[in-house]
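Spelled out, the chains give:
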Amino acid sequence: MKKIIALCCGVVMLLALTACGSFVSIMPGSSEDTSATASISPQLDQAEAGDFTEKSFYAFMGWDEFGSNYYEDTPVALSCQEGDGSASPVFDRASIIAACDALKGVTVTGRAEEDAAQEGTSCTYAFTMSDGAVYSVTFNGSVLTTYTGSYTYTGGEALFALTFPVYDSGYDLFDLYFDDSVRAFADGFEENLPVSVGRRTNGGATMTATDEETIRTVFSPLANATVTSVEASPDQNIDLTTYTDYIFTMSDGTAYTFTFTDSCLTVTVSSDYGPVYYWLSGTEALSSVTIVPQTTTEAFEGGLITGLREDFETAAEAAAGTGDLTVSGVYVSYSIEGQSGYLTLSGDTAASLVQAVTAMTVTSQSQTEAEGDTITISVTLSDGSGPILHFIGDTIQQVVGTYYVCDSGSMSTLRTTILSLAADSSNAGEVVEDGTN
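Residues numbered from 1 in each chain as written. Predicted model: local features only at pLDDT ≥ 70, side-chain atom pairs only at ≥ 80, totals over all residues. Heavy atoms only, no water.

Enquirer: Requested: an account of the sheet that holds strand β2 (residues 77-82), with residues and values cited.
Expert: Paired through their backbone hydrogen bonds, the strands of a sheet run either parallel or antiparallel. Pairing within the open sheet is antiparallel, and its eight strands lie in the order β1-β4-β8-β7-β6-β5-β2-β3. Edge positions in the sheet fall to β1 (55-56) and β3 (88-90), since each of these pairs with one other strand and no more. Across three bridges, the pairing between strand β6 (residues 134-140) and strand β7 (residues 143-146) is antiparallel. Directly across from N140, in β7, lies its bridge partner V143. (Pairing = 2+ DSSP bridges. Helix = DSSP H or I, 4+ residues; strand = E, 2+ residues; numbered from the N terminus.)

Spelled out as structure tokens, the structure:
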């Protein structure tokens, strides 16, 4: 009797569920029609049925706050990345505001066909805010692509009309600074020729030339350079510890500095965004340009190193306290007996090294190309000038291609001193960095 009652109750419940139209079989292999589940996810089913509620771009993306505040809280940068290319930024407010305005005119109209997102080249636009937040959106022709799928849209023509370095040949090297004064410097170069050009490596002393031929020779590769790409992973693909500044100084003292990290032009327009590393073509000749001070280059009969060049003598006077200048710092890079590294010296340690080096004696000009250990000592004086002393083996370079033989005992002492400084970190902070490998 109990079994019959239970069976009857089960039949009644089954009939009741079927009558209300919401029963769906969950048994494996069931062939029941599951269309009654539409009420579970109405938005998904409406989209599949083509019933899509149009929305403005900012509302659709959930960027309402961004869309209402971009005039007051303007992004610091806008970048564009086409396909698998590099993300190329612009920093001018006019372009950034124009892009934000254009998105305000975009309306998302519905879901796109499954294969629509595969057509054409995708363009990803990224807005970077001062706090580091990034708003990113991808368009592919007539399709807007998000993590939820692809959608059709209307509007946005003003966004797609914007131009970006790398993707538009209208940008030259000077445009990358988004600075009217840099643009004016380049455009008026011949009419307002700089009085000097200098080259400074790793923050060391600046080697300066004042002759017009050298100034034009350095400027020419910059003016004719082509931007090829933006380095996406500088910490992996370039040596961030090696950088060179090319400095053009105008008659009124204004200086324009162009920095190359490894082989990439390095531009920092916004400190919030950080440096951008541009790969260029056409600047290869820069590294071979000879920039040397106006120094004495005639044959030297022997004596102190200070007799080789006037700037060596100026540094010696500064180190001894007998001139108008003082030694601000010394940068040393070396490769001695298989050990390579660098030192940044200041205070008495820097002055003492300059005194010791400039007091060394030289004999005759080297008749053969020098070989052996290398030591480069860049001296920075209180006025920003300063010589670079370059040693190879037991010789010192007077000018490019001309070397003089140094006293071997003094060279041995110099090597020992540098290795001792590299190993000794107890100089009361005067050895700022020790890059010994």
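Enquirer: How would you explain the layout of surface pockets if you had to name every residue and give the values?
Expert: Roughly 850 Å³ of internal volume is contained in the largest pocket. If you trace the largest pocket, you find 35 residues lining it, with R199, T201, T244, Y246 and S287 closest to the centre. Looking at the lining of the largest pocket, the elements with two or more residues in it are β9 (196-201), β12 (243-249), β13 (255-261), β15 (276-281), β17 (327-336), β20 (374-381), β21 (388-392) and β22 (395-399). (1 Å grid on protein atoms, 1.4 Å probe; cavity = no way out; pocket = protein on both sides within 12 Å on 5 of 7 lines; lining within 4 Å. Points joined across faces, edges and corners; volume = space filled by probe spheres on them.)

Enquirer: Before we move on, could you go through the pairing of β9 and cite the residues and values that matter?
Expert: Sheet analysis places β9 next to β12, joined by six bridges and oriented antiparallel. Opposite V197, over in β12, you have F248 as the bridge partner. Where β9 meets strand β10 (residues 206-209), four bridges bridge the pair, whose relative direction is antiparallel. Opposite V197, over in β10, you have A209 as the bridge partner.

Enquirer: Kindly report on the pattern of salt bridges, identifying the contributing residues and their values.
Expert: Throughout the structure, instances matching the rule amount to nine salt bridges. A salt bridge links E212 to R216, with the nearest nitrogen and oxygen atoms 3.3 Å apart. Placement of the pair is E212 and R216 together in helix α8 (residues 212-223), with a separation of four residues, close to one helical turn. By relative accessible area, E212 is classed as partly exposed at 46%. Here R216 falls in the partly exposed class, since its relative accessible area comes to 32%. Measuring nitrogen to oxygen at the nearest pair gives 2.7 Å for the salt bridge that ties D394 to R415. Taken as a pair, D394 in the loop between β21 and β22 and R415 in helix α12 (residues 408-423) lie far apart in primary sequence, 21 residues in all. Taking the relative accessible area as the measure of exposure, R415 reaches 15% and is therefore buried. Salt bridges linked by common partners bring D172, D175, R183 and D187 together as one network. (Salt bridge = Lys/Arg side-chain N within 4 Å of Asp/Glu carboxyl O. Buried < 20%, exposed > 50% of the residue type's maximum accessible area, 1.4 Å probe, protein only.)

Enquirer: Describe helix α11 (residues 347-358), naming the residues involved and giving the relevant values.
Expert: Taking 1.5 Å of rise per residue, the twelve residues of α11 would be expected to cover 16 Å, and the 17 Å separating its terminal C-alpha atoms lies within 8% of that figure. Taken together, the buried positions of α11 are T349, A350, A351, L353, V354, V357 and T358. (Expected span 1.5 Å × (residues − 1).)

Enquirer: Which residues make up the environment of L345, and what values do they have?
Expert: Inspection of the secondary structure puts L345 in strand β18 (residues 339-345). A sequence separation of 13 residues divides L345 from V332, and the C-alpha atoms of the two residues are 8.0 Å apart.

Enquirer: I'd love a proper account of the packing of helix α10 (residues 310-320) against α11, names of residues and values included.
Expert: When two helices pack together, their arrangement is given by the angle between the helix axes and by the axis-to-axis distance. Following both chains from N to C, one finds α10 and α11 inclined at 135°, their axes separated by 9 Å at the closest point. By the criterion of interaxial angle, the relationship of α10 to α11 is oblique. Here α10 runs over α11; the crossing is left-handed. Contacts between α10 and α11 involve F312, A315, A316, A319 and A320 on the former and, on the latter, A351, V354, Q355 and T358. Class assignment for the residues of the contact of α10 with α11 results in seven nonpolar, two polar and no charged. (Axes fitted to C-alpha atoms, helices over the stretch in contact; angles between N-to-C directions. Parallel < 35°, antiparallel > 145°, perpendicular 65-115°, else oblique. Left-handed = near helix turned anticlockwise from the far one by under 90°. Contact = heavy atoms within 4.5 Å. Nonpolar A, V, L, I, M, F, W, Y, C, P; charged D, E, K, R; others polar.)

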